[in-house]
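# Overview (structure and organization)
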Amino acid sequence: MSKVIGLYWFTNDLRVHDNPLLSKAAAEVDQLICLYCYPSVSPYLARYSQQAKWSEPKLQFLDASLHCLNLSLNALNQRLLVVDSHPYHAIKDLVYGLGVSHLYVDAVAGCDEQSIIDSLKAEFDALDVAQKEVRTLFTLEQLPFELSALPDTFTQFRKQVEPLVVPLPISWVKRLPSLPDTLSLPGISLTHHGGSALFEGGEQAGLAHCRRYFSSACPSEYKETRNALDGLDYSTKFSPWLAHGCLSAKTIYAMLKRYERLNGANESTYWIYFELLWREYFYWYARRYRQKLFRFGGIRNQPPLTSFYAHRFQQWKNGQTPFAIVNACMHQLNQTGYMSNRGRQLVASCLIHELGLDWRYGAAYFESQLIDYDVASNWGNWQYLAGVGADPRGSRQFNLEKQTQMYDPYQEFIDRWQGRCDASPLDSVDMVDWPVLTGRRDPSAVGKP
Ligand SMILES: Cc1cc2nc3c(=O)[nH]c(=O)nc-3n(C[C@H](O)[C@H](O)[C@H](O)COP(=O)(O)OP(=O)(O)OC[C@H]3O[C@@H](n4cnc5c(N)ncnc54)[C@H](O)[C@@H]3O)c2cc1C
């Protein structure tokens, strides 16, 4: 009898622990291919970010995460096949070439990835496609409302989901089916792992970070410290591992509950859960609104009164605006791939309100730089701040001077990240000086509006 061949397409779920979809694949097929398609900068992203490449910190974190996943798979007599081709073509080739009959993939938040899955389903009638939420606290079935009736505001959402029980994480997959004998694709080698990154990618490093965090006193002080701009302990720093799926939200939740049992619950420990619910909200929001997540006018198609000024955008990216706090945050981002939540709010407010720029340019630049880039949290937060998203109360403008007094009263952060620079006046360069990008075009990329 011929063997049942499955394909697990890893996306932002780069882990073996608490991975119910991988367990499902292990139980259902005789042979398994574990695939990862290395991301390329799409024409849409190149256009809005004005970047042809991903940032080094981002690549370093990703490669270390893939390297770690491969080691975990090796321990189960498997390996990760990393290819440099578009997922649609890579999967199609494997379905045709090896007779893959089962495809397993996370219930992705991104509309591009979902379009690829939908196209594959349409092309291969017989392909059995299993999608499951492997990155969230809750599953679609658990939600007390239809996705089409997702509450308009975070507060309404939170009140409805807070009574739900967060399922316990499941244990490590103990056994995986072997690779098909006929698989001969070499895959690409990873070049960025190792080095001196701010955070080390991979599920082992992510789990170690969580254990460290929950064995400190930080969770009990989180609410008081979370708005700081610099340092490792003021907030949890779970985001890089959560974004790549090296850590599962359920694992973090279980560790949080254990911490509360041992040390007592307080407002701060609750607030960690509260922030995880923001992440949860944006995930369902992205699934609910799909392409509208990237639309200038947002979910209600009401475009803000902003535009694009090439020189201003360049100043913002390089941290050369007239606002020292913004410059310091942008230097921090450019050097490390990370920025605090407060910093993200300030630089986004500056881009939208002080520089009058189209928010999508800022969101795209974040996408190209952040080590914790997450499609739902990033574009959802940008929409929210631009006043075209989740909260109908309009856009949020921060008083940058006041914020500096509150969060950097002695200007230590500004000094450390050299925020006081000789900013040239806004718009001092003519449009013809703007560089022309030569980003790789991917003809099969699914376009965003
Ligand atoms: C303009 C803008 C863009 C952002 N882009 C991203 C992004 O691409 N990826 C990303 O993970 N977060 C993003 N955030 C949310 C937030 O800034 C980061 O999650 C947070 O700074 C990460 O640091 P932390 O893990 O120490 O967070 P903590 O403060 O310790 O929070 C714990 C966890 O809760 C979640 N969380 C916290 N705040 C938010 C929020 N506002 N929205 C969604 N989830 C949240 C994160 O998963 C985070 O790891 C963005 C926020 C803004 C304002």
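Here the structure is shown first, and the text comes after it.
Residues numbered from 1 in each chain as written. Predicted model: local features only at pLDDT ≥ 70, side-chain atom pairs only at ≥ 80, totals over all residues. Heavy atoms only, no water.

### Remarks on the overall build of the chain
Across its full length, the chain holds 18 helices and 5 strands. Taken against the 2.2 N^0.38 rule, which gives 22 Å for 449 residues, the C-alpha radius of gyration of the chain at 22 Å falls within 12% of a compact globule. Principal-axis analysis of the C-alpha atoms places the extent of the chain at approximately 70 × 60 × 45 Å. For the chain, with 449 residues in total, the buried portion stands at 57%. Of all intrachain contacts in the chain linking residues separated by at least 6 positions in sequence, the fraction that spans at least 24 positions is 82%. (Helix = DSSP H or I, 4+ residues; strand = E, 2+ residues; numbered from the N terminus. Rg over C-alpha atoms; globule rule 2.2 N^0.38 Å. Buried < 20%, exposed > 50% of the residue type's maximum accessible area, 1.4 Å probe, protein only. Contact = heavy atoms within 4.5 Å.)

### A word on the pairing of strand E5 (residues 128-132)
Sheet analysis places strand E4 (residues 102-106) next to E5, joined by 5 bridges and oriented parallel. Its bridge partner being in E5, His-102 is matched across the sheet by Asp-128. In this region the chain leaves E4, passes through helix H5 (residues 111-123) and returns to the parallel neighbour E5; the handedness of that crossover is right-handed. (Pairing = 2+ DSSP bridges. Right-handed = clockwise from strand over helix to strand, strands pointing away.)

### Quick notes on the pattern of salt bridges
Where charged atoms from two side chains of opposite charge approach closely, those side chains can pair. For the coordinates displayed, the defined rule picks out 12 salt bridges. Glu-123 is paired through a salt bridge with Lys-92; the nearest N and O atoms lie 3.6 Å apart. Of this pair, Glu-123 sits in helix H5 while Lys-92 is found in helix H4 (residues 87-98), placing the two residues 31 residues apart along the sequence. Residue Glu-123 is classed as partly exposed on the basis of its relative accessible area of 33%. The partner of Arg-420 in a salt bridge is Asp-415, with the nearest N and O atoms 2.2 Å apart. (Salt bridge = Lys/Arg side-chain N within 4 Å of Asp/Glu carboxyl O.)

### With respect to the site of the ligand
Taken together, 26 residues lie around the ligand, and Tyr-222, Ser-235, Thr-236, Lys-237 and Asp-372 are the ones closest in. Interatomic distance of 2.7 Å between a backbone N/O atom of Asp-372 and a nitrogen atom of the ligand. In isolation the ligand offers 810 Å² of accessible surface; the protein chains occlude 97% of this area. Of all the elements in the fold, those that place two or more residues in the shell around the ligand are helix H9 (239-244), helix H11 (267-289), helix H14 (341-354) and helix H16 (375-386). (Near = heavy atom within 4 Å. Polar contact = N/O pair within 3.5 Å; in protein donor to acceptor, adjacent residues only side chain to side chain. Areas by Shrake-Rupley, 256 points an atom, 1.4 Å probe, with all protein chains shown as cover.)

### Structural notes on helix H13 (residues 324-336)
Here H13 spans 18 Å end to end across 13 residues, near enough to the 18 Å set by a 1.5 Å rise per residue. Buried residues of H13: Ala-324, Ile-325, Val-326, Asn-327, Ala-328, Cys-329, Met-330, His-331, Gln-332, Leu-333 and Thr-336, and no others. If you follow the buried residues of H13, they end up packed against helix H3 (56-74), helix H12 (310-318), H14, helix H15 (359-369), helix H17 (400-407) and helix H18 (412-416). Just downstream of H13 lies Gly-337, where phi reads positive at about 85 degrees. (Expected span 1.5 Å × (residues − 1).)

### Quick word on the side chain of Gln-383
Within the secondary structure, Gln-383 sits in helix H16. By relative accessible area, Gln-383 is classed as buried at 0%. Once residues lying within four places of it in the same chain are set aside, the contact partners of Gln-383 are Tyr-285, Lys-292, Leu-293, Phe-294, Arg-295, Gly-298, Ile-299, Trp-359, Val-388 and Gly-389.

### Here's the deal with the packing of aromatic side chains
Considering all chains together, one arrives at 40 aromatic pairs under this definition. With a centroid separation of 5.3 Å and an interplanar angle of 80 degrees, the aromatic rings of Tyr-213 and Phe-238 are classed as edge-to-face. Of the two residues, Tyr-213 is situated in helix H7 (residues 203-214) and Phe-238 in the loop between helix H8 (222-225) and H9; the sequence distance between them amounts to 25 residues. For the pair Trp-278 and Tyr-384, a centre-to-centre distance of 5.5 Å together with 75 degrees between the ring planes defines the contact as edge-to-face. Pair noted here: Trp-278 is in helix H11 and Tyr-384 is in helix H16, with a separation of 106 residues, a long-range link. Chaining the aromatic ring pairs together yields one cluster made of Tyr-44, Tyr-48, Phe-294, Phe-308, Phe-313, Trp-316, Trp-359, Tyr-361, Tyr-365, Phe-366, Trp-379 and Trp-382. (Phe/Tyr/Trp six-rings, centres within 6.5 Å; stacked < 30°, edge-to-face > 60°.)

### Describing the side chain of Gln-31
Locating Gln-31 in the fold gives a position in strand E2 (residues 31-37). Dropping the residues within four chain positions of it, Gln-31 is found in contact with Lys-3, Val-4, Ile-5, Gly-6, Pro-177, Ser-178, Leu-179, Pro-180 and Asp-181.

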